[in-house]
Amino acid sequence: MKFTDGYWLTRPGLAPLFAVEVDDIRIDEAAGTLTVYAPTTHIRHRGDTLNRPMLTVTFSSPAPGVVKTRVQRHAGGVHRGPDFAINAENGFVPAVSVTDGEGVLQTGDLTVRIARGDGWNVTFEEGGRVLTRSEPRSIGHYSAPAQGGVEPETWVHQQLSLAPGERVYGFGERFGAFVKNGQVIDSWNADGGTSSEQAYKSVPFYVSARGYGVLVDSPDAVSFEVGSEVNSRVQFSVPGETLDYYVIGGGTPKNVLSRYTALTGRPARVPAWSFGLWLTTSFTADYDEATVNEFIAGFAERDLPLSVFHFDCFWMREYQWTDFEWDPRTFPDPEGQLARLHERGLKVSAWINPYIAQRSVLFAEAVEKGYLLKRTDGSVWQWDLWQAGMGIVDFTNPEAADWYVAHLERLMGQGVDTFKTDFGERIPHEGVVWFDGSDPARMHNYYPQLYNEIVFRALEKHRGAGDAVLFARSATAGGQQFPVHWGGDSDSTFSSMAESLRGGLSLAMSGFGYWSHDIGGFEGTPDAGLFKRWLAFGLLSSHSRLHGSDSFRVPWIFDDEAVEVTRLFTNLKMRLMPYLARVAEEAHTDGIPMMRAMVLEFPEDRSGHDADTQYMLGDALLVAPVFTAEGEVSYYLPAGAWTSLLDGSVAPGCRWATESHDFLSVPLRVRPGTVLPWGAVDSRPDYEWADGVTLRCFELPDGYDAVTVVPGLDGASTSFRVRRSGATITASSSDATASWSVQVGDAVASADGAGEISVSVPATDSHTDSVSNPVEGDR
C-alpha cells in the first residue's frame, strides 16, 4: 500500500515514524544477534528521549548467506500464527561485532553493516559489492487513528534500494508483466483467473537480477510497491507492529533460489509417470464411463501416448462436493472402472476440494464433530458461492485432518493414484475462529499449505516417497514442497496463453520446481490453431494436461493435424525423459526449477532479462511458444550457435530472431556445448532411461570434457564421460549395463555396456549435430 502523497507528503490520516539515527547497537555473540535501537527523531539532549517512540531492529542469521531482519515498534503483542516453516542450519551462528563506527553481522559471504553516523544507513553486501541498502526514511511505522471505538490500524514498512537498471521478479504466480518493476503487488490469494492482478499462489518473495532475494516472513497481507511509490526502492509493509524479512545472497538468481528453497523447503521428487500426458473429463462437459472409454480408446487407436486420466468435479454428484462418493448414475462400478483403466497402463486422478456442501452426507457429521471452520458466535461458517451451504474443513483440527485423509485413503483403496487439490483461495479472514486459535488474516494465505500437505502426505504414505504427486492450484511460500501446481483458469485465447507463461515464469522465480497449465485454455473452446500452438507449449512444460471447462480437449475434435501435433510433441517429450529426469532431480535436490527464465540461466546477458515469451526447459533447451495462428515468433538467443532440435538448423546468438513456424514446429533450440541424452522409447515416460540412450552432441568446443548423468527409474544412475579433442569426440562409461550410443550429426557409434567409443565431427559442417528426423523412433 502507498503511504505517501508524492515524495514529500504523507497521505491524509496517516502518522509516520521513521528510524532516523542509531542510539545504540548491542550484540549477543553466543546467539549471533545484533540489535539496533533507533529513535524516530534526532536526539539533541536528554529531554528528547522523553515521550518519543523508538524502533528496535534486530539482525540475525538462520544459515550462511541469509540475514534475518526484525523491525518492531511495540513488542508486547500476542502472536497467534501460523508462520512459514523456516529451516535454520543446526548450530550455525553468524559473526557479530560493533565498533564506534558501525555494527556488522557476517554470515557466509553476506554482510550487513549498520552505520553509527548521522542518519539511518544499512547496507547488505556480498563479496564487497553492495546488493541493496536501507536508507533514510526507508524503515518505519505508520498508524491511522482510532475511529468509532476501533483500535488504530498500524503497519510496519521497509524500503530497500534498487540500482539503476535492476530488475525484480517473482512474488508467486503473477500473470502480468514478468518484470515486476513499477507494479503494486498485494500478497493475498484469490480465485481471480489468469487475466487480473490477483493470484492463486501469492508468495511474498522476490529475486533481483543483481543476485539476491528478499522473503517477507508473513502469510498475512503483505503489500509490495516495486518502484511504484519510491521509484528507486522496493517497499513492503505488513499490518501490525512487527515486520520480519530475510535478505538472501547468492551472487546469481539461481544460487538465490537454491538458498531460498533450502530455507523454505525443496520440492519433493515426483514419479516418472507424472511427466506423461494427462487427459481429463473437463469440468462441466457431460461424461460417463462410456465417454471415458471412448477417449482412451481414441488415443490408443491414433497411437497417442497417454499416462494419466483425470476425473474432474462431476465424478461426484452435484451439490454434494466434497463427499468422496462416485455418482452412481454415471459411475455404477467405480472399482471395476478404475481397475480397467489400470489394465490399460493408466494412472487415475480425481478432483477434490477442501469444502463440504450442506447436501453432502458428510456435512452433518462434520458439524457434529467440530470439523468445519466456525464463526465467532460458534456457528459454522457457510456460504453459497461454489456449492450451496458450503463449509470449510478446519485442517488446524488434527481430528478433522485425519477424518479427511480417511476418505482419501478409501479412494486410494479403490484405485485413485493422485488428487487434483483444487481451490483453497477463498478463505474468510474476518469473523471466524480456527480450532487452534490461528490468526484468521494469517491463515487466509496459509490454508493451502495445510490442505496440500495433508493430501500429499496421505499419498506418500500410500504410495511411498517419490511416487506421490498432486495437481494443486493454491499455494504460498513453502508450497513448492508439495508438487505439482497448475496455472488456474485461463481463457482460450493467445493472450491468455501468453499470460499463463508469465505466471509460470514468475512461479518458477518463486521457488516452484514444477508447473503445468490447461492446454488450450480452460474457459471457452479454442479454435484448432490455438489448440495446436498450445499443445507444443504444454508438452514442453514439466507437466502436461489437456483440460477445459465446458468442452472436451481430445485432439481429433479439432482436426487431423491436431492429432499429428499431439503425437509429435508427446513422442518428443518421452524421448527427452533421460534429460528431463536429470533436470527434475535438480529441482528436488537443489531447488532449481525445471522451467527457467532467461535471467535465471543467463544472468550476465542483460538482453534477455525482460524476455517473457520464452524460457529454458532445464539448462540446455530453449523454448519459444508461438502465440499466433500464422506462426510468426520472435525470441532472444544468447551467445553461441543454437541448433534446432526439430530440423537441425543452426542460428547464431546474441540477437533476437524472428521466424515462421507451421503447427508441427516450434522454436526449440539446443544450447551450444550440450550433450543431450536421447531416450530410446517414445511411448511412455517411465522406462529405463539409460537403456539404449543416445548421447547427442551439439556444438561441443575443442577441449570439452564433462560427465553426463542419466538417472535411473528406481534410483541408480548411469554416468557417461564425453570429451572432444580436435575432430574426435570420445565417450566412455564404467557403469553402463545396457546398450548406448554417441551421435554427432549423422555419425553414430554404439557400445553394449561399459566401455569407450569415438565418433568424428563432420569435417564439412561442424553444425550438423542433429538427425534428420529426431522424433521418430521405437513406439
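If you're wondering where the values come from, they're calculated on a predicted model, not measured in any experiment.

Peer 1: Just to check I follow, could you spell out the packing of helix α8 (residues 528–539) against helix α9 (residues 560–575) for this structure?
Peer 2: To characterise two packed helices, one gives the angle between the axes of the helices and the distance between these axes. Two elements in contact, α8 and α9, have axes whose closest approach is 9 Å; the angle formed by their N-to-C orientations is 10°. By the angle class used here, α8 and α9 are roughly parallel. Seen from α8, the contacting residues are Phe531, Lys532, Leu535, Ala536 and Leu539; seen from α9, they are Glu561, Ala562, Val565, Thr566, Phe569, Thr570 and Lys573. Residues that form the contact of α8 with α9 fall into these classes: seven nonpolar, two polar and three charged.

Peer 1: Explain the pairing of strand β28 (residues 418–421) here, please?
Peer 2: Where a strand is regular, its side chains alternate between the two sheet faces. By the alternation rule, side chains of β28 split into Thr418 and Lys420 and Phe419 and Thr421, which are all buried. Where strand β24 (residues 347–352) meets β28, four bridges bridge the pair, whose relative direction is parallel. Paired with Ile352 across the bridge in β28 is Thr421. Taken together, the three bridges between β28 and strand β30 (residues 470–472) define a ladder with parallel strand orientation. For Lys420, the partnering residue across the bridge sits in β30 and is Phe471.

Peer 1: Please clarify how the sheet that holds strand β47 (residues 747–752) should be interpreted in this entry.
Peer 2: The strands making up a sheet associate through backbone hydrogen bonding, with each pair oriented either parallel or antiparallel. As summarised here, the arrangement of the four strands in space is β41-β42-β46-β47, forming an open sheet in which the pairing is mixed. On the outer flanks of this sheet lie β41 (674–678) and β47, each paired with one strand and no other. Going across the sheet, the axis of each strand differs from the next one's by a mean of 20°, ignoring polarity. Relative to β47, strand β46 (residues 739–744) runs antiparallel, the two sharing six bridges. Within β47, the residue paired with Val742 across the bridge is Ala749.

Peer 1: Looking at this structure, how should I read the environment of Val666?
Peer 2: Residue placement: Val666 occurs in the loop between β39 (655–660) and β40 (668–670). Judged by its relative accessible area of 2%, Val666 is buried. Along the sequence, Val666 and Phe331 sit 335 residues apart, while their C-alpha atoms lie 40 Å from each other. In this view, Val666 contacts Ala536, Leu540, Phe569, Ala624, Pro625, Val626, Leu646 and His661; residues no more than four positions away in its chain are not counted.

Peer 1: I tried to follow the nonpolar core on my own but got confused; where do I start?
Peer 2: Ranked by size, the top nonpolar core spans 190 residues in total, and within it Phe311, Tyr404, Phe419, Leu540, Phe569 and Leu645 carry the most contacts. Of all hydrophobic cores here, the second largest spans 40 residues; its members include Leu55, Leu131, Leu162 and Leu243.

Peer 1: When you look at a nonpolar patch on the surface in this model, what are you seeing that I'm missing?
Peer 2: A cluster of nonpolar side chains, contributed by Tyr7, Trp8 and Leu9, occupies part of the molecular surface with about 440 Å² of accessible area. Checked against the element boundaries, Trp8 lands in the loop between β1 (4–5) and β2 (9–10). Here Trp8 falls in the exposed class, since its relative accessible area comes to 73%.

The rules behind these values
Residues numbered from 1 in each chain as written. Predicted model: local features only at pLDDT ≥ 70, side-chain atom pairs only at ≥ 80, totals over all residues. Heavy atoms only, no water. Axes fitted to C-alpha atoms, helices over the stretch in contact; angles between N-to-C directions. Helix = DSSP H or I, 4+ residues; strand = E, 2+ residues; numbered from the N terminus. Parallel < 35°, antiparallel > 145°, perpendicular 65-115°, else oblique. Contact = heavy atoms within 4.5 Å. Nonpolar A, V, L, I, M, F, W, Y, C, P; charged D, E, K, R; others polar. Buried < 20%, exposed > 50% of the residue type's maximum accessible area, 1.4 Å probe, protein only. Pairing = 2+ DSSP bridges. Core = buried A, V, L, I, M, F, W, Y, C linked by side-chain atoms within 4.5 Å. Patch = residues over 30% accessible without salt bridge, like charges linked within 9 Å, V, L, I, M, F, W, Y side chains within 5 Å. Areas by Shrake-Rupley, 256 points an atom, 1.4 Å probe, with all protein chains shown as cover. Salt bridge = Lys/Arg side-chain N within 4 Å of Asp/Glu carboxyl O.

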